[in-house]
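Remarks on the overall topology
Now for the letters of each chain:
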Amino acid sequence: MASIDIKNLKKAYGTFSVLHGIDLLIKDGEFIVLVGPSGCGKSTLLRMIAGLEDVSEGEIQIDGLRVNERHPKDRDIAMVFQSYALYPHMTVAENMSYSLRLRRAAKETTARAVSAASQKLGLDPFLERRPKALSGGQRQRVAMGRAIVRQPKAFLFDEPLSNLDARLREQMRAEIKKMHADLKATSIYVTHDQIEAMTLADRIVAMHGGVVQQVGSPLELYDRPANLFVAGFIGSPGMNFLEGRAEDGGLRLRDGSLVVLGALSKDLKGQEVTVGVRPEHVVLHHEGEGMSARVDLIEPTGFGIIVHLQLNGLPIKVFTLDRSALSCGPNIGVTLPAEHLHLFDAQGIRQGA
Amino acid sequence: MSVAATRGAPYHRKPWLKRMADSSEPYLYSAPALILIVVVMLVPLVLGISYAFRDIQLLNPFSGGYIGLEHFRALGQDDAFYRALKNTLWWTGASVLLQFVFGLILALLLDRPFWGRGVVQALVFLPWAVPSFLAGLNWAWLFNPVIGPLPHWFFALGLMDEPGNLLSDPRYAMWGPIIANVWWGIPFFAITLLAALQAIPRDLYEAASIDGANWFQRFSSITLPFLAPTIAITVLLRTVWISNFADLIVVMTGGGPADRTQIVASYIFTQAFKRLDFGYASAIALVLLGLLMIYSMLIILLRQSLINKD
Amino acid sequence: MRSSLLPTVAHRLAIFAYIIFALFPLFWLLKVSVTPNDLLYSEGVRLWPSQTTFEHYADVLRHSAFPTFFKNSVIVSGSTAIVVTICASLSGYALSRFSFRTKYWIIALMLLTQMFPLVMLVAPIFKILSPLGLTNSLTGLVIVYSAFNVPFATFLMQSFFDGIPKDLEEAAMIDGATRFVAFRQIILPLTLPGIAATLGFVFTAAWSELLFALMLINGNDAATFPVGLLTFVSKFSVDFGQMMAAGILALIPAGFFFLLIQRYLVQGLTAGAVKG
């Protein structure tokens with residue numbers, strides 16, 4: 001196992017810049033999730049670590065050794081591809097043992113490693129099958145098996161679950177987490193799915209536009225997003241944002257109305273700010289209490305209810321477990337509790353605690 | 001790119017070595033093919049172009065000197081060349097048009113599933129596997145009244161006054177190689193167009209059917225637009241190829257009777273092979289190459305302007 | 001689907017007409033080749049002779065140089081097919097997987113070779129090969145045919161490689177293979193249909209080539225089938241039975257390869273034509 005140190009890493013295709021200087025230290029045994037919308041550079045970063053893309057500028061170190069110039073085969077890392085990239089002309093067993101055979105490992109070692117991995121992943125009945133004869137979930141397992149057989153310095157995952165249906169994805173997510181708890185292997189996992197990011201990561205690296213937006217534990221990112229991008233990206237349904245000018249009693253919206261928010265930080269008074277609040281933190285009341293909002297739409301999810309409101313013309317989503325919300329009238333009372341507000345300045349940077 | 005990379009990496013450990021190995025990789029892979037092409041095609045091409053300005057006769061040891069544009073001047077007064085040029089237009093135009101029309105119809109017929117399609121496909125594509133010289137001989141025999149049935153059939157249908165050989169009739173001789181060429185070339189168009197047809201998403205047709213489009217409307221609004229790029233490129237390539245394609249004519253008529261079937265490509269071959277006048281042959285070839293280049297440019301420009309209009 | 005009878009009948013009739021048109025000339029070749037000489041003229045337009053014979057085949061095989069021509073053609077076409085397929089696999093892979101500065105120049109060069117009249121090369125190639133002792137030699141023919149066929153074969157192989165996901169060799173390289181090992185162990189086995197198609201294409205093309213064989217070869221020893229047949233035709237132009245028997249023999253290898261690859265034809269040309 002190994003640590004991975006990324007220093008001021010840049011990638012450009014001609015004049016088109018994809019990564020603008022990434023710094024990241026990944027500790028030995030850590031599970032890191034790179035998350036962001038498509039085109040944010042997360043896959044490029046992963047492929048650079050794997051050695052599949054050249055480094056334009058900066059440095060990648062594995063276990064303190066610079067690997068920029070190393071061929072992927074000499075980096076001792078394993079990767080699980082989105083497409084699984086199983087070799088169609090090889091059986092499951094051959095797929096899993098390919099890396100060891102390339103290394104000319106002893107036959108018994110190889111056999112032992114393959115059978116250990118296949119046992120762990122429940123692949124024993126399929127060892128002699130070709131990938132074509134496997135279901136999506138089984139192929140996914142073979143791809144994982146191929147990675148763990150080698151006991152590499154690090155595992156790289158490139159959106160490994162996005163080709164599976166929802167139920168399988170949930171199941172495999174749990175298995176990956178179990179596997180990591182088992183092997184304690186340094187892992188870098190790329191996804192655009194924030195649930196995967198939240199559930200799997202020791203630390204999440206949120207990326208946008210080729211720049212790291214925030215690095216931290218899942219709950220840190222959820223509770224204290226560093227900027228508007230992270231605040232909006234993490235959480236589903238997404239955070240509500242109100243833009244306006246900070247005043248004594250609350251927030252003066254563009255249309256001149258005042259949203260009562262309790263105390264905003266004194267030094268922001270008079271400035272353009274954005275206030276964010278998560279849907280589950282908005283409190284609903286009977287009409288007449290708090291601010292009055294119009295009910296646009298009610299979406300029951302079974303687990304809870306998402307209520308879409310209009311507050312002074314601004315759309316607000318509310319998540320509640322209270323089923324009485326299903327039968328609420330055309331108007332409803334709303335408060336935004338001060339302790340759950342996130343405050344961002346005009347540049348979108350988090351203010352205060 | 002390499003400039004930026006060199007500036008940015010402070011700790012060099014022979015990265016240039018890797019970079020050089022990496023950037024030479026594609027060349028290593030393409031080297032065998034490239035060497036073959038350069039040595040056997042590009043160098044001779046350049047030589048051939050130079051021959052056009054030299055007096056090169058294989059049997060004349062005193063030939064070989066530069067004579068400037070002499071060949072081209074001679075060419076300008078060579079009536080046989082002009083006739084060959086006219087014949088080339090006729091040969092190419094008729095062959096491509098007929099191959100395309102019949103190839104398209106065949107592709108449309110085969111695009112529909114039916115019992116035994118695999119076998120039928122193999123059978124109708126078979127002419128394409130017939131070596132071109134054999135196709136030529138085969139059709140020459142079919143046109144031969146001694147051995148072939150066609151003259152007798154033509155006679156019976158009243159198309160001919162007597163069962164004679166089409167290939168020796170100066171008025172119609174060109175149709176012989178053209179028919180052989182159509183027979184031989186239909187499969188190429190059919191295969192290419194069938195491939196393109198099968199790439200058209202089926203649900204488009206279903207959507208159009210639901211919208212009430214009849215067969216002809218579906219053909220003109222879905223099939224043709226989808227095929228258009230393939231048709232354009234195939235017709236272009238085939239036109240060039242067929243105007244260079246002398247095998248059938250050399251085998252079937254040798255350019256006769258009275259040069260009525262002599263096309264430029266077979267004329268070049270006659271000059272080089274029979275008269276061993278390589279210089280003159282190269283000059284003709286150069287003119288043909290120039291004409292084909294102009295033709296291709298025109299087609300590409302036309303296509304470009306059509307695309308821009310959309 | 002509406003299934004009315006009339007279009008179906010028309011469709012089958014049209015198909016039938018195409019089959020007749022495609023096969024009739026070959027059928028005639030076969031018919032004459034098995035017609036005894038004395039019936040050749042008296043039963044000239046009959047669809048099948050009242051008596052059949054294989055004596056023409058026996059004559060061709062025993063008393064002519066055709067076995068030599070056949071052997072020469074097999075050697076030339078086979079070697080050409082192998083050389084071209086190897087070169088084209090490598091170069092097709094390069095075009096499919098790498099983006100490098102001169103790539104478009106290479107493609108342009110290959111396209112150019114498809115454009116100009118090959119007859120133009122007859123004289124220079126003769127001049128180049130003759131001091132090397134490669135005229136009147138099968139090796140010379142193999143070299144020339146290989147060069148002629150490499151460009152198209154490269155595009156063909158490229159289209160097959162394009163159909164194989166890049167992920168596969170990336171996975172192999174991460175598994176510890178060099179690019180070349182990944183190419184050989186992972187990519188090539190998956191391109192077997194493409195390789196078969198290319199082999200067949202090139203074999204057929206080399207088998208059919210006439211002009212350069214005529215130009216570069218004289219004498220029977222190194223003559224290929226097309227040259228032999230043409231010489232035979234111009235010398236003994238009355239012995240139709242033997243000529244057509246020889247023609248049928250010439251058709252066999254090409255037909256065999258065609259049947260082998262025809263499954264991949266549509267697939268192979270799709271990619272080439274549609275992307276081109």
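These numbers were taken from a predicted model, which means no experiment stands behind them. (Residues numbered from 1 in each chain as written. Chains lettered and ligands numbered in written order. Predicted model: local features only at pLDDT ≥ 70, side-chain atom pairs only at ≥ 80, totals over all residues. Heavy atoms only, no water.)

**A closer look at the overall build of chain A**
What counts, and what does not: In this description a helix means any DSSP run of H or I spanning at least four residues, a strand means any run of E spanning at least two, and both kinds are numbered starting from the N terminus. Buried means the residue's accessible area, taken with a 1.4 Å probe over protein chains only, is under 20% of the maximum for its type, while exposed means over 50%, and partly exposed covers the values in between. Residue contacts are counted whenever heavy atoms from the two residues lie within 4.5 Å of one another. Surface exposure here means Shrake-Rupley accessible area, sampled with a 1.4 Å probe, where a residue is shielded only by the protein chains that are shown. Positive: Lys, Arg. Negative: Asp, Glu. His and the chain ends are not part of the count. Charged side chains are reduced to one point each, which is NZ for Lys, CZ for Arg, CG for Asp and CD for Glu.
Scanning chain A for helices and strands turns up 8 helices and 21 strands. Expressed as a percentage of its 353 residues, the buried residues of chain A come to 52%. Here the contacts in chain A between residues at least 6 apart in sequence split such that 65% fall between residues at least 24 apart. A total accessible area of about 15,600 Å² is found for chain A, and carbon and sulfur atoms account for 51% of it. Distance from the positive charge centre (42 side chains) to the negative charge centre (41 side chains) of chain A: 8 Å.

**Section: the domain arrangement of chain A**
All names here are of chain A. Stated formally: Residue ranges assigned to the domains are those given by an automatic or database domain assignment. Any Lys or Arg side-chain nitrogen located within 4 Å of an Asp or Glu carboxyl oxygen qualifies as a salt bridge. Pairing of N or O atoms within 3.5 Å defines a polar contact, subject to two protein rules: one partner must be a possible hydrogen donor and the other a possible acceptor, and residues neighboring in sequence count only if both atoms are side-chain atoms. When residues are grouped by polarity, Ala, Val, Leu, Ile, Met, Phe, Trp, Tyr, Cys and Pro land in nonpolar, Asp, Glu, Lys and Arg in charged, and all others, Gly among them, in polar.
Each assigned domain of chain A is listed with its residue range as follows: domain 1 (4–233) and domain 2 (240–351). One C-alpha centre belongs to domain 1, the other to domain 2; they are set 39 Å apart. Residue-level contacts link 10 residues of domain 1 with 9 residues of domain 2. Linking domain 1 with domain 2 are 0 salt bridges. In this structure, the connection of domain 1 to domain 2 is made through 5 residue pairs in polar contact (both at pLDDT 80 or more). Going through the elements one at a time, helix H7 (218–223) and helix H8 (228–233) are the ones with two or more residues in the side of domain 1 that touches domain 2. Looking at the side of domain 1 that touches domain 2, its residues break down into 6 nonpolar, 2 polar and 2 charged.

**So, helix H7 (residues 138–162) of chain C**
Residues and elements named next belong to chain C. The condition that has to hold: A helix is expected to reach a length of 1.5 Å times the quantity of its residues less one. At any given residue, the bend is defined as the angle formed between two axes, one fitted to the seven residues that end at that position and one fitted to the seven that begin there.
Across its 25 residues, H7 extends 34 Å between first and last C-alpha, which sits within 8% of the 36 Å expected from 1.5 Å per residue. Of all the bends in H7, the largest measures some 40° and sits at valine 150, one to four residues before the proline proline 151. Among the 25 residues of H7, 21 are classified as buried, and the element is accordingly described as predominantly covered. Here H7 starts with a cap whose side-chain oxygen sits 3.3 Å from the backbone nitrogen of threonine 139, and that cap is serine 137.

**Quick notes on the interface of chain C and chain B**
This is how it is decided: When two components associate, each loses some accessible surface as probed by a 1.4 Å sphere; the sum of these losses over both components is called the buried area.
With 90 residues of chain C at the interface, the matching set in chain B holds 88 residues. Taking both partners together, chain C and chain B bury about 8,100 Å²; carbon and sulfur atoms supply 84% of that area. A per-residue breakdown of the area chain C buries against chain B is headed by Tyr18(C), Met115(C) and Met120(C), which together make up 9% of the total. Where chain C touches chain B, the interface holds 1 salt bridge. Here Arg179(C) and Glu25(B) are joined by a salt bridge, their closest N and O atoms 3.8 Å apart.

**Concerning the domain arrangement of chain B**
We note that the domain assignment places domain 1 (14–51) and domain 2 (71–309) within chain B. For domain 1 of chain B versus domain 2 of chain B, the separation of C-alpha centres amounts to 34 Å.

**Description of the UniProt feature "domain: ABC transporter" (unreviewed entry) in chain A**
The test is simple: UniProt positions are given in the numbering used here, feature names are shortened, and annotations may be inferred rather than shown by experiment.
Here, UniProt's "domain: ABC transporter" (unreviewed entry) annotation points to residues 4–234 of chain A. A helix fraction of 37% and a strand fraction of 26% characterise residues 4–234 of chain A, whose end C-alpha atoms lie 25 Å from each other.

**Thoughts on the packing of helix H3 (residues 107–121) of chain A against helix H4 (residues 136–149) of chain A**
Residues and elements named next belong to chain A. As a reminder of what qualifies: With axes taken as lines fitted to C-alpha atoms, and helix axes fitted only over the stretch in contact, angles between N-to-C directions fall between 0 and 180 degrees. When an angle is under 35 degrees it counts as roughly parallel; over 145 it counts as roughly antiparallel; between 65 and 115 it counts as roughly perpendicular; any other value is oblique. Here is the rule for handedness: rotate from the far helix to the near one, and if that takes an anticlockwise turn smaller than a right angle the crossing is left-handed, while a clockwise turn gives right-handed.
In the contact formed by H3 and H4, the axes pass within 9 Å of each other and the chain directions differ by 140°. Viewed along their axes, H3 and H4 adopt a mutual orientation that is oblique. Pair H3 / H4 crosses with right-handed handedness. Contacts between H3 and H4 involve Ala113, Val114, Ala117, Lys120 and Leu121 from the first element and Arg141, Met144, Gly145, Ile148 and Val149 from the second. Grouping the constituent residues of the contact of H3 with H4 by class yields 7 nonpolar, 1 polar and 2 charged.

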